[in-house]
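Here's the letter readout for the chains.
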Amino acid sequence: MSQHDSFEKPQIGSDLFDVPFIRPEFPRGEDVATDMNEIVQSNWFTNFGPREREFRGEVAEYVGGDSVAVTFANATLALTVALAQLTGSHARGYVIAPSFTFAAGPQAIRWVGHEPILIDIDERTLQPSLTSAREAFERFGDQIVGILYCNTFGIGGDSVAAWESMARQFGVPLIIDSAAGFGSEYSLGDKVGTRGDCEIFSFHATKPFAIGEGGAALTRDRSLAARLSAGSNFGFMDHAGASIPGTNGKLQEINAAIGIRQLQTFDIALEARRRHLQRYHDLISRNVDGYFPRNDLLSSVCFASVVLPSASVRDAVLSELHSCGVEARAYYSPPIHLQPAFTETPRVDSLGVTESVYTRILSLPVFPSLPESAFERVEEAVQRHPA
Ligand SMILES: *Cc1c(COP(=O)(O)O)cnc(C)c1O
């Protein structure tokens, strides 16, 4: 497996592996066809139609805690519009972001005209490091116009309150990329989607809550919600035409209809994912000195991520799994600062934890219909390469 395999198109339904990395549970084709027929009859395909409105309401209700939801065509556009609304009034500046994340956030920072400052993660949680962020503020001071915190793998970070205070202290917005985290809980029981200035979810086919392409921004600030919604619709506010920065980021009716169906069965699928993750916890602790990021059992469990004792153990287990038909992967490998578009991007002095973790991490499939054989093969593979 090369470092770049994580950029391949996700092979949903691929038969290259007995056990694919991801297999979304989708509504039956007949049911989606019924929805599509109704959409055609109603002659309302996009632009905040009845299904989008219903879905938006249900997403907010699911998350709770006073948040309102603004839907988007995907999470990357949600991130871009949120950054534009919250940091766009500044001249070119810097936005703090972890290197250990998916490229969408750092790319969105650039689309808005800023540059990321890459920070490290915490070894135990794999979440962005507060110490590292403080170092960025010391070095770049008031050139910093925002923080893009990432809830790693959609897991709710347990120091989110400290990030909110840091953002307040320095007078910058806190945007939280919780892309894979729809359904996750923070350690105090509140749902992911309720913190920061806003939180972003992805509903991409590869995420635990999948509608094809789609996303949402959640915020408790009604006036920000109105601007985010306008930002997804060319910046049109009221009837004055384009009033604020905007693009076309609207969610289509058919994807909203799929989302409404997905919500009906989501909690059952989520329980299955958490059960699978618990089994991985048990089999890893029986066999090898590895650890899982803190609070992962409270998350939506996009996949199971375990940090193994060394890069050589990880590489051996990964290639063994591939040879026995299990499509394991390594996220996030390589991290942002080692990707060609970002090698010159400013960063804090040390990204040492990121550089160690990305060589040791193993990502395992957890989709609800995961077969028993997956656990057996993973257990055999780690038994063969204990250290
Ligand atoms: C998947 C993902 C995104 C991008 O989501 P899209 O809906 O595909 O645009 C952004 N950030 C993170 C952390 C992700 O995992």
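Residues numbered from 1 in each chain as written. Predicted model: local features only at pLDDT ≥ 70, side-chain atom pairs only at ≥ 80, totals over all residues. Heavy atoms only, no water.

K.L.:
What should I look at first to understand the overall build of the protein chain in this one?
P.N.:
Looking only at helices and strands, the protein chain has eleven helices and nine strands in total. Its C-alpha atoms give the protein chain a radius of gyration of 21 Å, within 12% of the compact-globule value 21 Å for 387 residues. On the principal axes, the C-alpha backbone points of the protein chain span a range of 65 × 55 × 40 Å. Looking at the protein chain as a whole, 58% of its 387 residues are labelled buried. Taking contacts inside the protein chain between residues at least 6 apart in sequence as the whole, the part at least 24 apart equals 72%. About 15700 Å² of surface is accessible on the protein chain, with carbon and sulfur atoms providing 50% of the total. (Helix = DSSP H or I, 4+ residues; strand = E, 2+ residues; numbered from the N terminus. Rg over C-alpha atoms; globule rule 2.2 N^0.38 Å. Buried < 20%, exposed > 50% of the residue type's maximum accessible area, 1.4 Å probe, protein only. Contact = heavy atoms within 4.5 Å. Areas by Shrake-Rupley, 256 points an atom, 1.4 Å probe, with all protein chains shown as cover.)

K.L.:
Is there a simple way to think about the pattern of salt bridges in this case?
P.N.:
Side chains that differ in charge, positive against negative, can pair when their charged atoms come close. As enumerated under the stated definition, the model contains 20 salt bridges in all. Between arginine 51 and glutamate 38 there is a salt bridge whose closest N-O contact spans 3.0 Å. On the criterion of sequence distance, the pair formed by arginine 51 in helix α2 (residues 50-63) and glutamate 38 in helix α1 (residues 29-42) is long-range, its members being 13 residues apart. Using a relative accessible area of 14% as the deciding quantity, one classes arginine 51 as buried. It is possible to trace a salt-bridge network through shared partners that takes in Arg28, Glu30 and Asp31. (Salt bridge = Lys/Arg side-chain N within 4 Å of Asp/Glu carboxyl O.)

K.L.:
Help me out: how do you make sense of empty space enclosed by the protein in this one?
P.N.:
Rolling a probe over the atoms, with the probe sized like a water molecule, indicates the empty space that remains. Applying the stated criterion to the full structure yields two cavities of 30 Å³ or more. When its volume is computed, the second largest cavity comes out at roughly 50 Å³. (1 Å grid on protein atoms, 1.4 Å probe; cavity = no way out; pocket = protein on both sides within 12 Å on 5 of 7 lines; lining within 4 Å. Points joined across faces, edges and corners; volume = space filled by probe spheres on them.)

K.L.:
Even after reading the chapter, I still don't get the side chain of threonine 152, so can you show me in this structure?
P.N.:
Position of threonine 152 among the secondary structure elements: in the loop between β4 (144-150) and α6 (160-170). Residue classification places threonine 152 among the buried positions, given a relative accessible area of 2%. In this structure, threonine 152 is in contact with Phe100, Leu126, Gln127, Pro128 and Tyr332, ignoring residues within four places of it in sequence.

K.L.:
Is there a simple way to explain the environment of phenylalanine 234 in this structure?
P.N.:
Among the structural elements, phenylalanine 234 can be located in the loop between α7 (222-231) and α8 (253-287). Residue phenylalanine 234 is classed as partly exposed on the basis of its relative accessible area, which comes to 37%. Note: C-alpha distance between phenylalanine 234 and isoleucine 109 (125 residues apart in sequence) is 19 Å. Other than its neighbours up to four places away in sequence, phenylalanine 234 contacts Ala242, Ile244, Gly246, Thr247, Asn248 and Lys250.

K.L.:
Sorry, what's going on with the packing of helix α3 (residues 75-87) against α7 here?
P.N.:
Think of two packed helices as two axes; the pair is described by the angle between the axes and how far apart they sit. Contact geometry of α3 with α7 gives a least axis separation of 9 Å together with a crossing angle of 125°. With respect to α7, the axis of α3 lies oblique. For the pair α3 and α7, the crossing hand works out as right-handed. Here Val81, Ala82, Gln85 and Leu86 of α3 lie close against α7, whose contacting residues are Leu224, Arg227, Leu228 and Gly231. Of the residues that constitute the contact of α3 with α7, the class distribution is five nonpolar, two polar and one charged. (Axes fitted to C-alpha atoms, helices over the stretch in contact; angles between N-to-C directions. Parallel < 35°, antiparallel > 145°, perpendicular 65-115°, else oblique. Left-handed = near helix turned anticlockwise from the far one by under 90°. Nonpolar A, V, L, I, M, F, W, Y, C, P; charged D, E, K, R; others polar.)

K.L.:
What am I meant to see in α7 here?
P.N.:
Each α-helix turn comprises 3.6 residues. Residues three or four places apart therefore point the same way. Among the residues of α7, Leu224, Ala225, Leu228, Ala230 and Gly231 are the ones counted as buried. Tucked into the core, α7 has its buried residues touching β1 (68-72), α3, β6 (198-202) and β7 (215-219).

K.L.:
So what exactly am I meant to see when it comes to the side chain of threonine 206 here?
P.N.:
Within the secondary structure layout, threonine 206 lies in the loop between β6 and β7. A polar side-chain atom of threonine 206 sits 2.7 Å from a polar atom in the side chain of histidine 204. (Polar contact = N/O pair within 3.5 Å; in protein donor to acceptor, adjacent residues only side chain to side chain.)

K.L.:
Help me out: how do you make sense of the packing of α2 against α8 in this one?
P.N.:
Between α2 and α8, the least distance of the axes is 7 Å, while the angle of their chain directions is 30°. The angle between α2 and α8 places the two elements in the roughly parallel class. Handedness of the α2/α8 crossing: left-handed. Contacts between α2 and α8 involve Pro50, Arg51, Glu52, Glu54, Phe55, Glu58, Val59 and Tyr62 from the first element and Glu253, Ala256, Ala257, Gly259, Ile260, Leu263, Phe266, Asp267 and Leu270 from the second.

K.L.:
Please explain the nonpolar core as it appears in this structure.
P.N.:
In a soluble, globular protein the nonpolar side chains are often hidden away together inside. Residues Phe55, Ile147, Trp163, Phe182 and Phe203 are the most contacted members of the largest nonpolar core, which totals 46 residues. Tallying contributions element by element places α8 first for this core, with seven residues. Apart from residues lying up to four places away in sequence, phenylalanine 203 is in contact with Phe55, Val59, Phe182, Phe209, Ala210, Ile211, Gly212, Gly214, Gly215 and Ala216. Ranked by size, the runner-up nonpolar core spans 28 residues in total, among them Ile284, Val306, Leu364 and Leu370. (Core = buried A, V, L, I, M, F, W, Y, C linked by side-chain atoms within 4.5 Å.)

K.L.:
Would you mind going over a nonpolar patch on the surface with me for this structure?
P.N.:
A grouping of Met36, Val40 and Phe45 is seen on the molecular surface, where their side chains present a nonpolar patch of about 240 Å² in accessible area. Relative to the assigned elements, methionine 36 resides in helix α1. (Patch = residues over 30% accessible without salt bridge, like charges linked within 9 Å, V, L, I, M, F, W, Y side chains within 5 Å.)

K.L.:
Please clarify how the site of the ligand should be interpreted in this entry.
P.N.:
By nearness alone, every residue bordering the ligand is listed as Asn74, Ala75, Thr76, Phe102, Ala104, Asp177, Ala179, Ser202, His204, Lys207, Gly214 and Tyr332. Taking alanine 75, its main chain carries an N or O atom lying 2.9 Å from an oxygen atom of the ligand. Note that an oxygen atom of the ligand is positioned 2.6 Å from one of the side-chain N or O atoms of lysine 207. For the ligand, whose free accessible area comes to 380 Å², the fraction covered by protein is 89%. Classifying every residue of the shell around the ligand by side-chain character gives five nonpolar, five polar and two charged. (Near = heavy atom within 4 Å.)

K.L.:
How should the layout of surface pockets be read in this particular structure?
P.N.:
Approximately 360 Å³ is the volume found for the second largest pocket. The wall of the second largest pocket is formed by 27 residues, among which Glu25, Phe26, Gln262, Thr265 and Ala269 lie closest to the centre. The element contributing the most residues to the lining of the second largest pocket is α8, with eight residues. A per-class count over the lining of the second largest pocket returns 17 nonpolar, three polar and seven charged.

Everything listed is a geometric property; what it means functionally is a separate question.
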